[in-house]
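Chain by chain, the residues:
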Amino acid sequence: MSTVDQLQQQFGSAIIRTESFRDNVRVIVTPEAVHEVLKHLKESLGFNMLAELTAVDYLNYPDAVDRFGVIYGLTNLDSGERIFVKTYLNEPDLTLPTVCDLWQGANWLEREVYDMFGITFAGHPDLRRILMPEEFVSFPLRKDYPLRGKHERHNFPVITRAES
Amino acid sequence: MPLELVDRVDEDQLDQEYNWTLNFGPQHPATHTTLRLILTLNGETVLKAVPDIGYLHSGFEKLGEDLDYNQYVTIVDRMNYISPFHNEVAWHHTVEKLMGLELTPRCKYIRTILAELARINDHLLCVGAVALDLGAFTSFLYAFNQREAVYDIFETVSGQRFHPSFTRVGGLMNDVDDVFVQKVRNFVKQAPKAINDLTRLLNRNRIFVDRTKDIGVLTKEEAINRSCSGPVARASGVTRDLRKDEPYLAYRDFDFKMVCAKEGDCYARYLVRMEEMRESLNIIAQAIENLPSGPVNVDLNGKVTIPDKAATYRSIEGLIQHFELIMTNRQWKPPVNECYGAVESPNGELGFYIVSDGTGRAYRARCRPPSFIHFALFPHLIEGHQISDVVAVLGSLNIIAAELDR
């Protein structure tokens, strides 16, 4: 029985649909079930490494229904198999449970997603901005954030020579 | 004597008033690039390290949404600038996977040779720089001498030493010639001597061994739990190498070994890198002698590669094809879907997650940088060691800040 079938049997309606493209297998789950699914994949099905954690803003995407997609890429180090677990989020509730309790490697990856998209992870030990400065107020990888422009400077404190 | 590893630093140890706070970086010779560490010290023992990154953040992923699939290769070049060719291979590997292209055998072989040269280049820098930080200057020069030879080969094929930007969707910028073949043959002949010299200088060097053995130990379980890959994971006993596990390019054709160690300390990471260089030379030697003939670009009928100058100016098909790919409202028509592709870069798994909306540029071009994952390890590895070990651990993880921050 394939991993996807096992997941469907275990979680039923929490699995919205499954997709596969080239060698990528994607399982789309509800935001509520994402932690349970990842925990099951890690502890029962041997997907012991979190290889990738990222997000996509589907604001201008053709035929998109939901705003944000969060993608977890897992690897089974014994069989070399990969699986991608994906969940969709919509404003105003952009919160997911953290997976830092399952993989410590998720710590900085979740911080990056928060920094770039403003998606918060409940229960994260240290959810701060990681790449952008702390004074930054926007989320630069959202599609409504412009590529060019100069409108962030006023957010930063001015340090005079005497203070520096 | 190697120091005993302090198991875990107690909370009350951190509050003592005799503790020092040391700001390490962002401009410090031993960080090599721009990154900052805030260290809490008791005497010379590091109790806590808090990394602060983002100094080189320049929005590469945002730029990836604005540049087309060929243009973006110049940006990915600047991520890990020590082995830029791997970034190019990773980017176009994923793009070609998305479009469902199968490369020509000659292109696969050339890409493999250049990628392995870049791996040697990266490992030489890492080993040389670790040795330099630990006080061994000669080995640094020995390593850099060979790096010049690799840069010379890159200059021969692409005209650029540092950032070749040599790959294109479905092929390469241009074919290679006999000069390239001769230079690679010479390199394969002379490089083992340099690697052996380095080995003799460092492997049993009392100072080097004392300063790297049992420093920054990473167990296998932790390596998996913290998403490590590449030499860092393999030095801890994780047997995963994407060249073996998910063969891409022409790696299926070659006979080479996956290099692993069990100790997981800085010395093991050094040994893994040294041995990987020998395996890379082995791959290059096999590839250059079996270099297939034929075209480097996929067939023109596929309408994905830019035709060369002769075809553009002398045939109507070539001209139309060139026009179709250069005009910003035409370009490629990849499937509306998303795709993750990864390659084994010198630092570990370098992956791209591309979301395509069917136009000539990516809707989202996410990069999974190995340096980012490995730098998150640093506070864990350095805790309880001495301040002089900071440079040994940093060097052995081979953090490239441009890739870390993107």
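In the block above lies the structure referred to throughout.
Since the model is a prediction, treat every value here as computed from it, not as a measurement. (Residues numbered from 1 in each chain as written. Chains lettered and ligands numbered in written order. Predicted model: local features only at pLDDT ≥ 70, side-chain atom pairs only at ≥ 80, totals over all residues. Heavy atoms only, no water.)

Draft legend 1. Expanded view of the environment of threonine 34 of chain B. Residues and elements named next belong to chain B. Inspection of the secondary structure assignment puts threonine 34 in the loop between strand 1 (20–24) and strand 2 (36–42). On the accessibility criterion, threonine 34 (16% relative accessible area) is buried. For the pair threonine 34 and isoleucine 400, spaced 366 residues apart in sequence, the C-alpha separation works out to 8.9 Å. When near neighbours in sequence (up to four residues on either side) are disregarded, threonine 34 contacts Pro26, Gln27, Tyr55, Leu56, Ala401 and Asp405. (Helix = DSSP H or I, 4+ residues; strand = E, 2+ residues; numbered from the N terminus. Buried < 20%, exposed > 50% of the residue type's maximum accessible area, 1.4 Å probe, protein only. Contact = heavy atoms within 4.5 Å.)

Draft legend 2. Representation of the sheet that holds strand 5 (residues 82–89) of chain A in the model. All names here are of chain A. With mixed pairing, the five strands of this open sheet are ordered in space as 1-2-5-4-3. Only two strands of the sheet have a single partner each, and these edge strands are strand 1 (15–21) and strand 3 (49–57). Taking each pair of neighbouring strands and ignoring which way they run, the sheet shows an average axis angle of 20°. Summarising the sheet, strand 1 and strand 2 (residues 24–29) pair through six bridges and their orientation is antiparallel. (Pairing = 2+ DSSP bridges. Axes fitted to C-alpha atoms, helices over the stretch in contact; angles between N-to-C directions.)

Draft legend 3. Inspection of the sheet that holds strand 1 of chain B at higher detail. Residue and element names in this part refer to chain B. Overall, antiparallel pairing links the three strands, which are arranged 1-2-3 in an open sheet. Edge strands, defined here as strands with exactly one partner in the open sheet, are strand 1 and strand 3 (45–52). Within the sheet, the average angular offset between the axes of one strand and its neighbour, ignoring direction, is 20°. Where strand 1 lies against strand 2, five bridges are found, and the strand directions are antiparallel. Considered in strand 2, the bridge of tryptophan 20 is made with leucine 41.

Draft legend 4. Structural view of the packing of helix 12 (residues 266–289) of chain B against helix 17 (residues 389–397) of chain B. Residue and element names in this part refer to chain B. At a closest axis distance of 9 Å, the pairing of helix 12 and helix 17 adopts a crossing angle of 35°. Relative to helix 17, helix 12 is oriented so that their crossing is left-handed. Within the contact between the two elements, helix 12 uses Cys266, Arg269 and Arg273 and helix 17 uses Ala392, Val393, Ser396 and Leu397. Among the residues forming the contact of helix 12 with helix 17, the class breakdown is four nonpolar, one polar and two charged. (Left-handed = near helix turned anticlockwise from the far one by under 90°. Nonpolar A, V, L, I, M, F, W, Y, C, P; charged D, E, K, R; others polar.)

Purely geometric numbers; function is a separate question.
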